[in-house]
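# Fold and contact review
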Amino acid sequence: MELFSEGEEKEFEVFLDQVGERLDKLLSLWDPEKSRSFFQKLIKEERIWVNGIPRKANYRAEEGDHVTVHLPKVRELEILPENLPLDILYEDSDVLIVNKAKGMVVHPSAGHSCGTLVNAVMYHCKDSLSGINGEVRPGIVHRIDMNTTGALVVCKNDIAHVKIAEQIKEHSVTRRYLGIVKGMISQDAGTVEGAIGRHPVDRKKMTINERNGKPAVTHYRVLQRFLKHTFMEFELETGRTHQIRVHMASLGHPLLGDDVYGTGKNPWNLQGQTLHAAVIGFIHPSTGNYLEVEAPLPEYFEDLLKKQL
């Protein structure tokens, strides 16, 4: 749950180890999911008060200060069903598992009000979607990045949503990805552990952040080595934002095509990172049996492997 929720007013006390921090930085440390510029905007709108007085972003915190934060209620987007193509891997009365296409955003947001997976599943499922994640994210129990392809679970009712969300929280869901990274990985297998949090400067990026990040564990093994790249399988123990992308970049082996965490030119004109959610497995919410579904590699990925990279 986010620390600062829309439409709420909350008060916090500044403690000794926070003394001297700029107000905007202090707020972003308290809630790393929101950007520093987000809080600067609230400060300009006089929605952030210290000891009952609106302060500027460069105000330096003092011990015992009481900071009041009031977030306005955000107007919900109007989400409409759209007859968009869906690659359905599995479907029953509880869940829908789709092979998400490259470039498709999972749920509507600023700049992506239509053409999303949610728009498509609303058309396909009609009124049969869980409502736990609200009007903007009906049925969505987990996400994958816009330019990552592969298996994604959509829940058709609240009971299925709760049961699968519990498995995700307990890290018992099987999630295996396939990816191509730059460079030669020397070890045949290994594990990357590094807490992931919002980047302190570029708020659109995540980074290894042991102080404010959340624990993240990625297991990997090499499938094939090429001249300049390595074809790999990743298994997630946790599911943080951009987890595989951040962890591999931290090893000096960013995903091929990653325009956020990667470096260098892209000779194949790829649309973002070469990463595919290949396998999803969980205990079915109604039958109690283990269900595992595999998503075939997209054509562009197969073509890259044939090039021998």
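As shown above, the structure is provided for reference.
Here is a short report on the structure shown in this document.

### Here's the deal with the overall build of the chain
Scanning the chain from N- to C-terminus turns up six helices and 15 strands. A compact globule built from 309 residues would reach a C-alpha radius of gyration of about 19 Å, and the chain, at 21 Å, matches this within 12%. Along the first, second and third principal axes, the C-alpha atoms of the chain reach 60 × 50 × 35 Å. Out of the 309 residues belonging to the chain, those deemed buried represent 48%. In the chain, of all internal contacts separated by at least 6 residues, the share reaching a separation of at least 24 is 65%. Counting every atom, the chain has about 16000 Å² of accessible surface; 49% of that belongs to carbon and sulfur.

### Overview of the nonpolar core
Within soluble globular proteins, side chains that are nonpolar tend to cluster in buried spots. With 29 residues, the main nonpolar core has Tyr 177, Met 232, Phe 234 and Ile 244 as its most contacted residues. At the level of secondary structure, the elements contributing two or more residues to this core comprise β6 (95-100), α3 (117-125), β7 (149-155), β8 (174-182), β12 (217-225), β13 (229-236), α5 (243-250) and β14 (275-283). Apart from residues no more than four positions distant in its own chain, Ile 244 is found in contact with Tyr 177, Thr 218, Phe 234, Leu 236, Leu 255 and Leu 275. If you look at the next biggest cluster of nonpolar residues, it comprises 16 residues, including Val 14, Ile 48, Ala 57 and Val 69.

### Side note on the pairing of strand β15 (residues 290-294)
Burial along β15 is one-sided: Leu 291 and Val 293 are buried, and none of Tyr 290, Glu 292 and Glu 294, which face the opposite way, are. Turn length for the β14-β15 hairpin, with the two strands adjacent in sequence and antiparallel, is six residues, and the turn residue Gly 288 shows positive phi of about 80°.

### So, the packing of aromatic side chains
If you walk through the whole model with that rule in mind, you get two aromatic pairs. Taken together, the aromatic side chains of Phe 231, Tyr 300 and Phe 301 make up a single cluster linked through ring pairs. Just above the ring of Tyr 123 sits the side chain of Lys 126; from NZ or CZ to the centre is 4.2 Å.

### Considering the state of the cysteines
Tallying each qualifying case throughout the model produces zero disulfides. We note that Cys 114 lacks a disulfide partner, and the nearest cysteine sulfur, in Cys 125, lies 19 Å from it. When its relative accessible area of 51% is taken as the criterion, Cys 114 is described as exposed. The closest cysteine sulfur to the non-disulfide-bonded Cys 155 is located on Cys 125, 11 Å from its own sulfur. Its relative accessible area of 0% is what places Cys 155 among the buried residues.

### Structural notes on α3
Burial of α3 is extensive: seven of the nine residues sit out of reach of the surface. Regarding α3, the residues found buried are Leu 117, Val 118, Asn 119, Ala 120, Val 121, Met 122 and Cys 125. Looking at the buried residues of α3, the elements they touch are β6 and β7. N-cap assignment for α3: the residue whose side-chain oxygen lies 3.3 Å from the backbone N of Val 118 is Thr 116. Taken from the residues just after α3, Lys 126 is the one with a positive phi, measuring 60°.

### Brief notes about the environment of Glu 21
Position of Glu 21 relative to the elements: it lies in the loop between β1 (9-13) and α1 (23-30). Given a relative accessible area of 16%, Glu 21 falls into the buried group.

### Here's the deal with the side chain of Lys 182
Relative to the helices and strands, Lys 182 resides in strand β8. For the buried residue Lys 182, which engages in no salt bridge, the nearest side chain bearing the opposite charge is Asp 258, 9.6 Å off. Only 2.3 Å separates the side chain of Lys 182 from the backbone oxygen of Thr 263, close enough to count as a polar contact. Dropping the residues within four chain positions of it, Lys 182 is found in contact with Lys 228, His 229, His 253, Pro 254, Leu 256, Thr 263, Gly 264 and Lys 265.

### Quick notes on the pattern of salt bridges
One pass over the structure, following the stated rule, counts 11 salt bridges. Among the ionic pairs, Arg 245 bridges to Asp 145, the shortest N-O distance being 2.9 Å. Taken together, the positions of Arg 245 in helix α5 and Asp 145 in the loop between α3 and β7 put the pair 100 residues apart, joining distant regions of the chain. Note that Arg 176 is salt-bridged to Glu 233, the shortest N-O span being 3.9 Å. Taken as a pair, Arg 176 in strand β8 and Glu 233 in strand β13 lie far apart in primary sequence, 57 residues in all. Put simply, Arg 176, Arg 221, Glu 233 and Glu 292 are held in one network by salt bridges that share partners.

Criteria and cut-off values
- As a convention, each chain's residues are numbered from 1 in the sequence order in which they are written.
- With pLDDT at 70 or above as the cut-off, local features in this predicted model cover only qualifying residues; side-chain atom pairs require 80 or more to be listed or tallied, and sums for whole chains, interfaces and linings still use all residues.
- In computing side-chain values, all of the structure's heavy atoms are included and hydrogens and water are not.
- Where helices and strands are cited, they refer to DSSP runs of H or I of at least four residues and of E of at least two residues respectively, numbered from the N terminus.
- Both definitions apply: the radius of gyration is a C-alpha atom measure, and the globule rule equals 2.2 Å times residues to the power 0.38.
- Buried residues are those whose accessible area, probed at 1.4 Å on protein chains only, stays under 20% of the maximum for their type, while exposed residues exceed 50% and partly exposed ones sit between those limits.
- Any two residues having at least one pair of non-hydrogen atoms within 4.5 Å are treated as being in contact.
- Only the protein chains shown count as cover for residues, and the accessible areas themselves come from Shrake-Rupley with a 1.4 Å probe.
- Joining through side-chain atoms within 4.5 Å is the link that ties buried Ala, Val, Leu, Ile, Met, Phe, Trp, Tyr and Cys residues into a set, and such a set is a nonpolar core.
- Here, any two strands with at least 2 DSSP bridges between them count as paired.
- Ring pairs shown here join Phe, Tyr and Trp side chains whose ring centres sit within 6.5 Å, with only the six-membered ring taken for Trp; geometry is labelled stacked below 30 degrees between planes, edge-to-face above 60, and tilted in between.
- Lysine and arginine charges are scored as sitting over a ring when NZ or CZ, respectively, is within 6 Å of the ring centre and within 35 degrees of the ring normal.
- A pair of sulfur atoms, both from cysteines and within 2.5 Å, is called a disulfide here.
- We call two N or O atoms a polar contact when they sit within 3.5 Å, provided that within protein one can donate a hydrogen and the other can accept it, with sequence-adjacent residues counted only if both atoms are side-chain atoms.
- Here the positive residues are Lys and Arg and the negative ones are Asp and Glu; neither His nor the chain ends is included.
- Salt bridges are counted wherever a side-chain nitrogen of Lys or Arg sits within 4 Å of a carboxyl oxygen of Asp or Glu.

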